[in-house]
Amino acid sequence: MKMNKKVVIVFALSFALLGLAQCIDIHEKDLETEDSLWDLYERWSSHHTVTRDFSEKQKRFNVFKENVKMIHQFNKEDHSYKLKLNKFGDMTNQEFKSTYAGSKVRHHSMLRGTSHATPGFIYENFENVPSSIDWRTKGAVTPIKDQGQCGSCWAFSTVVGVEGINQIKTKKLVSLSEQELVDCDTSMNEGCNGGLMDYAYEFVKSNGGLTTEENYPYTAEDGSCDSSKMKASPMVTIDGHQDVPANNEDALMKAAANQPISVAIDASGWGFQFYSEGIFSGSCGTELDHGVGVVGYGASGSNKYWIVKNSWGTSWGEKGYIRMKRGISAKHGLCGIAMEPSFPLKTSANPETKDEL
């Protein structure tokens, strides 16, 4: 395939930008003095293009240096995962929680009342559960996206599910519009102020589908519903959704063996904030505040894990993903991952396109 010079330049710039987005390493010499810590902060600020006015910068530096010391000390200890100084480096954990883990999934769930999910669990009797699966390698997962400073993780989690089942059924991977959900699914969900994946699945079904990301691009802010974009062809349809039996990692495994699954987790801890690599086994509660997607599972020796797609960009975690410990003793799973999983159902073809998206 021939590529013109403009395309080559675009690809080169894209890879360069991805390289610039990665994390800053911390060395012992960086912690030796206040001046060396300040130099590290300046490098970090430049690396992540963070700008602060003078008074704010001093306050942020105080937060930054405490985070640096905590990350460095943690990585000297024996853990199954590592932390890194990422783009959240000068945020307090409370600020991080309110901005990136403030979707209030648990709150919306408690107010939901009767679920409109299709009764039952279609994978209840599924027996040939593979020991591992990765839907990324099967072409059912789009590249990592970034929700920005908008509590729209519920929309990204929903889209992971719809994109996945559409690819499995049609063999075509189509990136779908989170912004349509943010702007238009407002009867129960609240855009950047949080929402629930079950509501979003109900919207996609009743709306007659979800349009593409290209047709309705993401803006990371609440907007007015654009009906012309919302109904723009092509659209990907679903026939409903089901809830995985709650607090049952075996049931979640059966579901994830068949398609990507929407899950809610408690992502508010500092371990999540600075997660870099490895199998996350940190302390976390069950105050579900973040929507993500389970796109597979596996094991490294005796350490079992879920493969989780996040929506904080590629500079966080393992290029945007996190492996979370699987098979813990608590029924709800680590960080509540098994408490409220759900997934879309799809048997009918997409309209007009006859599944030729």
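Everything here concerns the structure above.
Description of the structure in this document. All of these numbers come straight from a predicted model, not from anything done at the bench.

Quick look at the packing of aromatic side chains
One pass over the structure, following the stated rule, counts 27 aromatic pairs. Relative to Phe-64, the ring of Tyr-41 has its centre 4.8 Å away and its plane inclined at 45 degrees; by these criteria the two rings are tilted. Of this pair, Tyr-41 sits in helix α2 (residues 34-47) while Phe-64 sits in helix α3 (residues 54-76), and the two are 23 residues apart along the sequence. Both residues of the pair, Tyr-41 and Phe-64, count as buried. A cation sits over an aromatic face here: Arg-136 above Tyr-321, 4.4 Å from the ring centre. The cationic tip of Arg-326 hangs over the ring face of Trp-306; the distance from NZ or CZ to the ring centre is 5.6 Å.

Considerations on empty space enclosed by the protein
Scanning the entire structure with this criterion turns up one cavity of 30 Å³ or more. For the largest cavity, the lining is made up of 14 residues, of which Phe-156, Val-160, Lys-309, Asn-310 and Ser-311 are closest to its centre. Counting residues per element, the ones that place at least two in the lining of the largest cavity are α6 (153-170) and β8 (290-300). Grouping the constituent residues of the lining of the largest cavity by class yields four nonpolar, six polar and four charged.

Description of the state of the cysteines
Inspection of every chain in the model, using the stated rule, returns three disulfides. Disulfide partner of Cys-150: Cys-192, at an S-S distance of 2.0 Å. Here the S-S torsion is close to -90 degrees, and the disulfide linking Cys-150 with Cys-192 is therefore left-handed. Residue Cys-150 is located in the loop between β2 (133-134) and α6, and its partner Cys-192 is located in the loop between α7 (178-184) and α8 (197-207); the two are separated by 42 residues in the primary sequence. Residue class for Cys-150 comes out buried when judged on its relative accessible area of 1%. Covalent S-S linkage joins Cys-284 and Cys-335, the inter-sulfur distance amounting to 2.0 Å.

Conventions adopted
- Residues numbered from 1 in each chain as written.
- Predicted model: local features only at pLDDT ≥ 70, side-chain atom pairs only at ≥ 80, totals over all residues.
- Heavy atoms only, no water.
- Phe/Tyr/Trp six-rings, centres within 6.5 Å; stacked < 30°, edge-to-face > 60°.
- Helix = DSSP H or I, 4+ residues; strand = E, 2+ residues; numbered from the N terminus.
- Buried < 20%, exposed > 50% of the residue type's maximum accessible area, 1.4 Å probe, protein only.
- Lys NZ or Arg CZ within 6 Å of the ring centre and 35° of its normal.
- 1 Å grid on protein atoms, 1.4 Å probe; cavity = no way out; pocket = protein on both sides within 12 Å on 5 of 7 lines; lining within 4 Å.
- Points joined across faces, edges and corners; volume = space filled by probe spheres on them.
- Nonpolar A, V, L, I, M, F, W, Y, C, P; charged D, E, K, R; others polar.
- Disulfide = S-S within 2.5 Å.

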